[in-house]
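Geometric and topological summary
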Amino acid sequence: MNEVEIKILTPDEWELYKLARLNSLKESPDSFGSTYDQEAVLSDAEWRSRLDLKFRDIDALPLIAELKGQPVGIAWGFIHKPNLQVAHIYQMWVSPELRGKGIAKSLLLKIKTWALGRGCSLMALGVTTSNEAAVNLYRKFGFIAAGQLEELRTGSPLVVQPMTIELNSVV
Ligand SMILES: CC(C)(COP(=O)(O)OP(=O)(O)OC[C@H]1O[C@@H](n2cnc3c(N)ncnc32)[C@H](O)[C@@H]1OP(=O)(O)O)[C@@H](O)C(=O)NCCC(=O)NCCS
């Protein structure tokens, strides 16, 4: 997968991000707490501002995987104040035709390196329990179940398992 490049998204790349994120919500509706309908109505300014980390005063790592200029994967690392010890992982998605080639693992490794650089001691995420590919991805990476199951969305029969991995200084 030498041609796939993983980059940090800038506010000017909001259209690329919008395309990938809406694709992910449409293609994998059971993988995310948010929905295509909720995000398809966001304005251009809102898409741009999501990536404007300085303006939002947040510490985050919005990643995009690109193949020949086309978005084929996304993932975010996100540190919420005031708990600066935990880096959360959100929005992980890889385009169906490029799955099984290590792109998600590469995205996770980039977030892990970033989180270590920020001095985090833990990475955390939530995964729908029926999502075998994602559960396996995170388990293989070293995440373990942590905490009680939560509803994916209010009223949804799907449940999300929180998972964490402790970080150490060796990448
Ligand atoms: C889950 C997802 C991100 C994995 O992306 P990917 O790029 O295909 O994953 P990778 O190729 O990096 O795989 C890494 C490991 O994950 C596991 N894995 C990935 N896909 C799998 C599958 N279909 N079945 C079982 N295990 C799988 C394997 O352990 C794999 O390691 P291996 O190839 O050495 O056995 C992708 O399937 C996806 O985008 N799914 C829809 C969105 C989603 O579920 N996002 C997660 C939200 S929490």
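One can find the structure itself at the top, above this paragraph.
A short tour of the structure in this document, coming up. (Residues numbered from 1 in each chain as written. Predicted model: local features only at pLDDT ≥ 70, side-chain atom pairs only at ≥ 80, totals over all residues. Heavy atoms only, no water.)

**Some words on the pairing of strand β4 (residues 86-94)**
Of all 9 residues in β4, 7 are buried, a share of seventy percent or more. Note that strand β3 (residues 70-79) and β4 share 6 bridges and pair antiparallel. Counted as the bridge partner of Phe-78 is His-88 from β4. Between the end of β3 and the start of β4, which pair antiparallel, lie 6 residues. Sheet topology note: the β4/strand β5 (residues 122-128) ladder contains 3 bridges and is parallel. Bridge pairing in β5 links His-88 to Ala-124. Regarding the hand of the β-α-β motif, the stretch spanning β4, helix α5 (residues 103-117) and β5 is right-handed. (Buried < 20%, exposed > 50% of the residue type's maximum accessible area, 1.4 Å probe, protein only. Helix = DSSP H or I, 4+ residues; strand = E, 2+ residues; numbered from the N terminus. Pairing = 2+ DSSP bridges. Right-handed = clockwise from strand over helix to strand, strands pointing away.)

**Concerning the site of the ligand**
Near the ligand lie 20 residues; those nearest to it are Met-92, Gly-100, Gly-102, Asn-131 and Lys-140. Between the ligand and the protein, one listed contact pairs an oxygen atom with a backbone N or O atom of Val-94 at 2.7 Å. Take Arg-99: an N or O atom from its side chain is 3.5 Å from an oxygen atom of the ligand. Elements supplying a minimum of two residues to the shell around the ligand: β4, α5 and α6 (132-141). Per-element tally for the shell around the ligand: the top contributor is α6, with 6 residues. Tallied by class, the residues present in the shell around the ligand amount to 9 nonpolar, 7 polar and 4 charged. (Near = heavy atom within 4 Å. Polar contact = N/O pair within 3.5 Å; in protein donor to acceptor, adjacent residues only side chain to side chain. Nonpolar A, V, L, I, M, F, W, Y, C, P; charged D, E, K, R; others polar.)

**Quick word on the pattern of salt bridges**
Per the stated rule, a full pass over the model turns up 9 salt bridges. Note that Lys-7 and Glu-13 form a salt bridge whose closest N and O atoms lie 3.4 Å from each other. Its relative accessible area of 24% is what places Lys-7 among the partly exposed residues. Assessed through its relative accessible area of 19%, Glu-13 is described here as buried. Across the pair Arg-48 and Asp-12 runs a salt bridge whose closest N-O atoms are separated by 3.1 Å. Of the two residues, Arg-48 is situated in helix α3 (residues 44-50) and Asp-12 in the loop between β1 (4-8) and α1 (14-27); the sequence distance between them amounts to 36 residues. Overlapping salt bridges bring together Lys-7, Glu-13 and Glu-66 as one network. (Salt bridge = Lys/Arg side-chain N within 4 Å of Asp/Glu carboxyl O.)

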